[in-house]
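Structure at a glance
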Number of protein chains: 4
Amino acid sequence: MSTSRLETFCDGVFAIAITLLVLIIEPPDSGSLAHGLVHQWPSYLAYAVSFLTIGIMWVNHHEVMRHIAHTDWTFLYVNIFFLMTIAFLPYPTRIVAAHIRGEDERTAALFYGCTMTLIAVAFLVLWLYPSWRGRLLRQDADPAAIRGITRSFLPGTPLYAGATLVALASPTASLLCYAALALFYVAGSVLLARP
Amino acid sequence: MSTSRLETFCDGVFAIAITLLVLIIEPPDSGSLAHGLVHQWPSYLAYAVSFLTIGIMWVNHHEVMRHIAHTDWTFLYVNIFFLMTIAFLPYPTRIVAAHIRGEDERTAALFYGCTMTLIAVAFLVLWLYPSWRGRLLRQDADPAAIRGITRSFLPGTPLYAGATLVALASPTASLLCYAALALFYVAGSVLLARP
Amino acid sequence: MSTSRLETFCDGVFAIAITLLVLIIEPPDSGSLAHGLVHQWPSYLAYAVSFLTIGIMWVNHHEVMRHIAHTDWTFLYVNIFFLMTIAFLPYPTRIVAAHIRGEDERTAALFYGCTMTLIAVAFLVLWLYPSWRGRLLRQDADPAAIRGITRSFLPGTPLYAGATLVALASPTASLLCYAALALFYVAGSVLLARP
Amino acid sequence: MSTSRLETFCDGVFAIAITLLVLIIEPPDSGSLAHGLVHQWPSYLAYAVSFLTIGIMWVNHHEVMRHIAHTDWTFLYVNIFFLMTIAFLPYPTRIVAAHIRGEDERTAALFYGCTMTLIAVAFLVLWLYPSWRGRLLRQDADPAAIRGITRSFLPGTPLYAGATLVALASPTASLLCYAALALFYVAGSVLLARP
């Protein structure tokens, strides 16, 4: 399969998953609407964090594909597994939106965090598999640039796992960590003009 | 990232958000079906207004991309933020469809209007950022045409904000203002053959 | 806007609307599951009829676009209006699936039929506007082929309107008419190898 | 219609159906959230099995299209019918997720299995129709490779039908059979580097 076709399919799943996220927001069902809409700020926050995270993953996925010369069966299924974790994200987003500030908020934040960490692991595999000894990379790939990308992707998993552990102390802080990670990432890309 | 890939991704989100809108219409749950289907005209109106607005935004997004020569990280994330507001629209559309003509209609119309205004602001940034001093524009872009586009985009935000303020006086009138804005826009494009 | 970009956007809406249809099927909520799954055959029928109709509309839309040389603003908005009717179809499909064989079945079938007729009218405009005096057609379009297409599209509206009127006598028969129209259309295309 | 346009449309439906699957998972509605999230493992399993199956079908669909030189009307509608079965899969996935380990689990597993078998049959037709006497194949297609593909696709239907029959003895085992079939398929592709 050509890399461009694989990339188009992945882009489709990214675009759909990111747009489906809005369905996780449940209309408030009792009391005044104004109070209900304000009170559900965790839903907006969860929406924004997941939206931005999928957006960043989409950008990073392109970064990976830009260096890939060809695909093989393993890489194809690594992509499908990665998409499975991305497409799953609306569910924990919905859970965290419904339960944060409630009595089960720790469970909800841990569930959300585990999914985010799983996405980070799947993404790491998505990069390490094709780049290992240049397996699927373009012939003209610059080894220094490749090592730079590996270095920039490695901290993702421990950072996401760390934000998940924060949920044990404070579920809301955990969600804010994910927001901060996404915003720092965007700010870093913009300010440092990451290669 | 190439502009064509960014544009394809944005088109995907536009197409999905516009098609998801139908899910905001809740089947009437009691009384005669005929009465229920007629009585829910605000849902059809909200569906049509949001559909047309996203359609117009899609057309305008192309107008922007047509003049862009290359992207940078800031423009990429400006696009993702813009898409976040577009993809959010089904939620306030659902709120306004459920509450217009009800006791919380003012809140619902204000919520809808604020989202529309946010979309207008995000879209303005989407144009002003790349066009400021020709930052990301094509070399051969005609300065007069660029100024013309800026002039045609500037009134959007105050018009949308104005329609939102109308909700304070009459929520239904506010919704009709959005319908009128969309229809005037379409009629203007067709009659004046906007460049 | 290029015709290929318009066509890609329309294809996206077709693909999403056709795939969203499955969401109209509500799981049976009481009694034995086996009985419930069998008893909801109208949902499967409505799913299949709407799926096939959108599929046929997609094929016909290509037939139209194949002859179009360029677009103008009116054609752009005619397309958006046509897509608005296609994207709306899941709602009446859900209504007819829930109410056929129930006490409000006539209303449901009329509502479904009116939407189908509206789609047929919108599609006719989609063809008559660009083909009128060859307005947007390719220079090398064969006039005889164009007249042949017009002739093949004209019966759609009266046939769909007729199937809607059948609902006044028998709602189930009306739904079967739509199924028959779709199947005859497919059979005709296959057997006659329509140009 | 060109094969590339048909393939793009099919890819869209695959991407949407695979991403919609997450909507089948219902949040637990009572008791502790932690218990509810763990207790709903059948939902995760059903999500993963259906996701992987659609992913494999997408890969196989490309395998078919790679050998097709042109389309005809019959092949177009065979594709639409095949997509109808793929797009339907979220519904039985939802049924099996809700009922496995419950009192109606046999019915749910049979319903799921029948849909999977129908997909397998539709896929077989999708290959046998264009490859029969090389009807729509490329001129340069290698007859030995074509026979190899036919041989590799033929076991699908009896294997899926067999997994469905397992549901009569044990519904959970039937679901695990589908998981095993998908995993064996992936492992086989990766290890044998299927042509």
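What counts and what doesn't
- Residues numbered from 1 in each chain as written.
- Chains lettered and ligands numbered in written order.
- Predicted model: local features only at pLDDT ≥ 70, side-chain atom pairs only at ≥ 80, totals over all residues.
- Helix = DSSP H or I, 4+ residues; strand = E, 2+ residues; numbered from the N terminus.
- Rg over C-alpha atoms; globule rule 2.2 N^0.38 Å.
- Buried ≥ 20, exposed ≤ 12 C-beta atoms within 10 Å, placed from the backbone.
- Contact = placed C-beta atoms within 7 Å.
- Least-squares fit on C-alpha atoms with pLDDT ≥ 70 in both.
- Nonpolar A, V, L, I, M, F, W, Y, C, P; charged D, E, K, R; others polar.
- Axes fitted to C-alpha atoms, helices over the stretch in contact; angles between N-to-C directions.
- Parallel < 35°, antiparallel > 145°, perpendicular 65-115°, else oblique.
- Left-handed = near helix turned anticlockwise from the far one by under 90°.
- Expected span 1.5 Å × (residues − 1).
- pLDDT = per-residue confidence, 0-100.

Now for the overall build of chain A. A tally of helices and strands in chain A yields 9 helices and 0 strands. For 195 residues, the compact-globule estimate of 2.2 N^0.38 gives 16 Å, and chain A sits close to it at 18 Å. Dimensions of chain A, computed from the C-alpha atoms along their principal axes, are close to 65 × 30 × 30 Å. By the burial criterion, 45% of the 195 residues in chain A qualify as buried. Put simply, of all contacts in chain A between residues at least 6 apart along the chain, 78% involve residues at least 24 apart.

Moving on to the relation of the copies chain C and chain B. Expressed as a screw transformation, the operator carrying chain C onto chain B has a rotation angle of 90 degrees and an axial translation of 0.0 Å, and the superposed copies differ by an RMSD of 0.0 Å. Both copies of the chain, as the preceding transformation shows, are related through a four-fold rotation axis. When the interface residues of chain C are mapped onto chain B, a mere 7% of them are again interface residues, pointing to distinct binding faces.

Moving on to the interface of chain A and chain D. Counting residues at the interface gives 27 residues for chain A, matched by 23 residues for chain D. If you list the elements that add at least two residues to the side of chain A that touches chain D, you get helix 1 (3-20), helix 4 (73-88), helix 5 (90-99) and helix 6 (105-131) of chain A. A per-class count over the side of chain A that touches chain D returns 19 nonpolar, 5 polar and 3 charged.

A separate point is the packing of helix 6 (residues 105-131) of chain C against helix 9 (residues 171-192) of chain C. Each pair of packed helices gets described by two things: the angle between the helix axes and the distance between those axes. Residues and elements named next belong to chain C. Relative to each other, helix 6 and helix 9 sit at 25 degrees, their axes nearing to 9 Å. As the angle between them shows, helix 6 and helix 9 are arranged roughly parallel. Relative to helix 9, the crossing made by helix 6 is left-handed. Facing helix 6, whose interface residues are Glu105, Arg106, Ala108, Ala109, Gly113 and Met116, helix 9 presents Pro171, Ser174, Leu175 and Tyr178. Considering only residue class, the contact of helix 6 with helix 9 consists of 6 nonpolar, 2 polar and 2 charged.

Even without glycine at this site, Arg133 of chain B takes up a positive phi of about 50 degrees. By secondary structure assignment, the location of Arg133 of chain B is in the loop between helix 6 (105-131) and helix 7 (143-153).

Take the relation of the copies chain A and chain D next. Rotating chain A by 90 degrees and translating it 0.0 Å along the rotation axis places it on chain D, where the RMSD comes to 0.0 Å. In this assembly the copies use different faces: only 7% of the residues contributing to the interface of chain A also contribute to that of chain D.

For helix 1 (residues 3-20) of chain C, which comprises 18 residues, the first-to-last C-alpha distance of 26 Å matches the rise-based estimate of 26 Å (1.5 Å per residue) to within 8%. For helix 1 of chain C, every residue scored as buried is listed here: Phe9, Cys10, Gly12, Val13, Phe14, Ala15, Ile16, Ala17, Ile18, Thr19 and Leu20 of chain C.

At their nearest point, the C-alpha atoms of chain A and chain C are still 9 Å apart, with no contact between the two. There is no contact between chain B and chain D; across them, the least C-alpha separation is 9 Å.

Let us look at the interface of chain C and chain B. Opposite the 27 residues of chain C that make contact, chain B presents 23 residues. When grouped by side-chain class, the residues that make up the side of chain C that touches chain B number 19 nonpolar, 5 polar and 3 charged.

Quick look at the environment of Asp11 of chain A now. Mapped onto the elements of the fold, Asp11 of chain A is located in helix 1. A tally of 19 C-beta atoms within 10 Å means that Asp11 of chain A is categorised as partly exposed. Separated by 29 residues in the primary sequence, Asp11 of chain A and Gln40 of chain A place their C-alpha atoms 30 Å from one another. Beyond its immediate chain neighbours, meaning those up to four positions away, Asp11 of chain A contacts Thr8, Phe9 and Gly12 of chain B.

Right, let's talk about helix 4 of chain A for a bit. Compared with an ideal rise of 1.5 Å per residue, which puts 16 residues at 22 Å, helix 4 of chain A spans 23 Å between its outermost C-alpha atoms and is within 8% of the ideal. Among the residues making up helix 4 of chain A, those that are buried are Phe75, Leu76, Val78, Asn79, Ile80, Phe82, Leu83, Met84, Ile86, Ala87 and Phe88 of chain A. Packing partners of the buried residues in helix 4 of chain A comprise helix 1, helix 3 (41-65), helix 5 and helix 6 of chain A together with helix 1 (3-20) and helix 3 (41-65) of chain D.

All names here are of chain C. One can describe the packing of helix 1 onto helix 4 (residues 73-88) by two numbers: an axis separation of 10 Å at closest approach and a directional angle of 10 degrees. Here helix 1 is positioned roughly parallel relative to helix 4, judged by the angle of their axes. Contacts from Leu6, Cys10, Val13, Phe14 and Ala17 of helix 1 reach helix 4 at Leu76, Asn79, Leu83, Ile86 and Ala87. Along the lines of polarity and charge, the residues of the contact of helix 1 with helix 4 split into 9 nonpolar, 1 polar and no charged.

With that settled, the discussion passes to the environment of Leu110 of chain B. All names here are of chain B. Mapped onto the secondary structure, Leu110 falls in helix 6. With 20 C-beta atoms packed within 10 Å, Leu110 lands in the buried category. Leaving out residues up to four positions away in the same chain, Leu110 has contacts with Thr164 and Ala167.

Another point: the environment of Phe82 of chain C. Residues and elements named next belong to chain C. Of note, Phe82 is situated in helix 4. Expressed as a C-alpha distance, the spacing of Phe82 and Cys10, which sit 72 residues apart in the sequence, is 9.5 Å. Here Phe82 is in contact with Ala122, Phe123 and Leu126, once residues within four sequence places are set aside.

Another point: the confidence of the model for chain A. If pLDDT is low for a region, its predicted coordinates should not be looked at in detail. Residue and element names in this part refer to chain A. Per-residue confidence for chain A averages 91 on the pLDDT scale, and 98% of its residues sit at or above 70. No element of chain A has a lower mean pLDDT than helix 7 (residues 143-153), which averages 87, and none a higher one than helix 4, which averages 95. Two summary scores accompany this predicted model of the complex, namely pTM at 0.94 and ipTM at 0.91.

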